[in-house]
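# Breakdown of the fold
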Amino acid sequence: MVKEKVHNEAVNGDEGFAPGDGYPSCEGESCANVSEEGGNESDTMADQAEEQNSVAAEVAEWRDKYLRLHAEFDNYRKRTLREKMDLVQSGCSDVLKALLPIVDDVNRALAAMDKSDDVAALRDGVRLISRKFEDMLRSKGVTEIEAMGLELDTDRHEAVARFAAGEDKKGLIIDVVERGYMLGDKVLRFAKVVVGE
């Protein structure tokens, strides 16, 4: 007779089987042990299924958060781009509005030239218009680049010619062909100058 160990108990090979089912019979403590182990396996499987469901729910939640965040960032990017474009357009419109009174003054000066022969009065009128225009530029943060009599600064000046001017003016700017302007710390247009040598 063959002995097998089932649940830490010795069982004879021909004893303890129910007729026709091929499994050992279950009596007393051994039966309770078998049912508890089967219950543990089903509990473990239920725990695993529950854990998988919670992980799937968490993945779905994070995916939803990611999609919402992505859409929110895309909207933010579009909104800031639109605001920048509006700012550029409104900045240009402010400058253009500031130029309109000066254009009106130029038109009045042109009309006065046709009617008047007083050259001194016309000259004074043009000077007033020029001063008004420079004041408008200053109010917008545009300043003229100083050049005359200074040393050549390639960050602000552009030498268009060299001219013999003697030893005392060598390397200095002796003439300004075209005035340069800055907007804050940024050069809008370099001053075109003649440098002595």
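Structure's up top.
Within every chain, residues take consecutive numbers counted from 1 along the sequence as written. The predicted origin of the model limits local features to residues at a pLDDT of at least 70 and limits the giving and counting of side-chain atom pairs to 80 or more, whereas totals for whole chains, interfaces and linings rest on all residues. With hydrogens and water excluded, all non-hydrogen atoms of the structure serve as input to the side-chain values.

### Overview of the overall build of the protein
Selection criterion: Elements are defined by DSSP. Helices are runs of H or I of four residues or more, strands are runs of E of two residues or more, and each kind is numbered from the N terminus. Note on exposure labels: buried denotes an accessible area under 20% of the residue type's maximum, exposed denotes more than 50%, and partly exposed covers the range between, all computed with a 1.4 Å probe on protein chains only. Pairs of residues are marked as contacts when any of their non-hydrogen atoms sit within 4.5 Å. Exposure was quantified through the Shrake-Rupley algorithm and a 1.4 Å probe, taking into account, for residues, occlusion by the shown protein chains and nothing else.
Broken down by element type, the protein carries two helices and eight strands. Along the chain direction, N to C, the helices and strands of the protein fall in the order β-β-α-α-β-β-β-β-β-β. Buried positions account for 10% of the 197 residues belonging to the protein. Nonlocal contacts in the protein, meaning residues at least 24 apart in sequence, comprise 54% of its contacts between residues at least 6 apart. In the form shown here, the protein has an accessible surface area of approximately 15,700 Å², with 54% of it arising from carbon and sulfur atoms.

### Re a negative patch on the surface
For the record, the criterion: Each patch groups residues whose relative accessible area exceeds 30% and which form no salt bridge, using 9 Å between like charges and 5 Å between nonpolar side chains of Val, Leu, Ile, Met, Phe, Trp and Tyr. By salt bridge we mean one thing: a side-chain nitrogen of Lys or Arg within 4 Å of a carboxyl oxygen of Asp or Glu. Only four residue types enter the charge count: Lys and Arg as positive, Asp and Glu as negative, with His and the chain ends excluded. A charge is said to be at NZ when it belongs to Lys, at CZ for Arg, at CG for Asp and at CD for Glu.
The grouping of Asp43, Asp47, Glu50 and Glu51 at the surface amounts to a negative patch. With respect to the element layout, Asp43 can be found in helix α1 (residues 28-115).

### Describing the sheet that holds strand β4 (residues 157-163)
To be explicit about the condition: By the convention used here, strands pair only if DSSP detects at least 2 bridges between them. Orientation is described by axes fitted as lines to C-alpha atoms, over the contacting stretch for helices, and by angles from 0 to 180 degrees between their N-to-C directions.
Sheet architecture is open: three strands sit in the order β4-β8-β5, paired in mixed fashion. With one partner strand each, in any of the chains shown, β4 and β5 (173-178) form the two edges of the open sheet. Within the sheet, the average angular offset between the axes of one strand and its neighbour, ignoring direction, is 30 degrees. In this sheet, strand β8 (residues 191-196) lies alongside β4 in parallel orientation, the contact comprising six bridges. Its bridge partner being in β8, Glu158 is matched across the sheet by Lys192.

### Concerning the nonpolar core
Which entries qualify depends on this criterion: Buried Ala, Val, Leu, Ile, Met, Phe, Trp, Tyr and Cys residues that are joined via side-chain atoms within 4.5 Å together make up what is termed a nonpolar core.
One finds Ile102, Ala109, Ile129, Met136, Leu137, Val142 and Tyr181 forming the largest nonpolar core, which totals seven residues. Of all the secondary structure elements, the ones that give two or more residues to this core are α1 and α2 (119-139). For this core, the element with the most residues is α2, which contributes three residues. With residues up to four places along the chain from it excluded, the contact list for Ile129 reads Ile102, Asp105, Val106 and Ala109. Of all hydrophobic cores here, the second largest spans five residues; its members include Ala147, Ile173, Ala191 and Val193.

### Side note on the pairing of strand β7 (residues 186-189)
In this structure, strand β6 (residues 181-183) lies alongside β7, joined through three bridges in antiparallel fashion. Directly across from Tyr181, in β7, lies its bridge partner Arg189. Counting the residues in the hairpin turn of β6 and β7 gives two residues, including Gly184, whose phi is positive at 70 degrees.

### As for a nonpolar patch on the surface
A surface patch of nonpolar side chains, amounting to about 320 Å² of accessible area, comprises Val106, Leu110, Met113 and Val126. Considering each element in turn, the nonpolar patch owes the most residues, three residues, to α1. Mapped onto the secondary structure, Val106 falls in helix α1. The class of Val106 is partly exposed, set by a relative accessible area of 36%.

### Structural notes on the side chain of Asp105
Here Asp105 lies in helix α1. When its relative accessible area of 14% is taken as the criterion, Asp105 is described as buried.

### What to know about the sheet that holds β6
Pairing within the open sheet is antiparallel, and its three strands lie in the order β3-β6-β7. Single-partner strands in this sheet number two, and they are β3 (142-144) and β7. Pairwise comparison of adjacent strand axes, ignoring direction, gives a mean angle of 35 degrees for this sheet.

### Things to note about the packing of aromatic side chains
Stated formally: In this scheme Phe, Tyr and Trp rings, the latter by its six-membered ring, pair at centre separations within 6.5 Å, and the angle between planes marks the pair as stacked below 30 degrees, edge-to-face above 60, and tilted otherwise. Lysine NZ or arginine CZ positioned within 6 Å of the ring centre and within 35 degrees of the ring normal marks a charge as sitting over the ring.
One pass over the structure, following the stated rule, counts one aromatic pair. Both rings, one in Phe73 and one in Tyr76, keep their centres 6.4 Å apart while their planes meet at 35 degrees; by these two values the pair is tilted. Taken together, the positions of Phe73 and Tyr76, both in helix α1 and three residues apart, correspond to about one turn of that helix. Looking at Tyr76, the relative accessible area reads 45%, which means it is partly exposed. Taking the ring centre of Trp62 as reference, the NZ or CZ of Lys65 above it sits at 4.7 Å.

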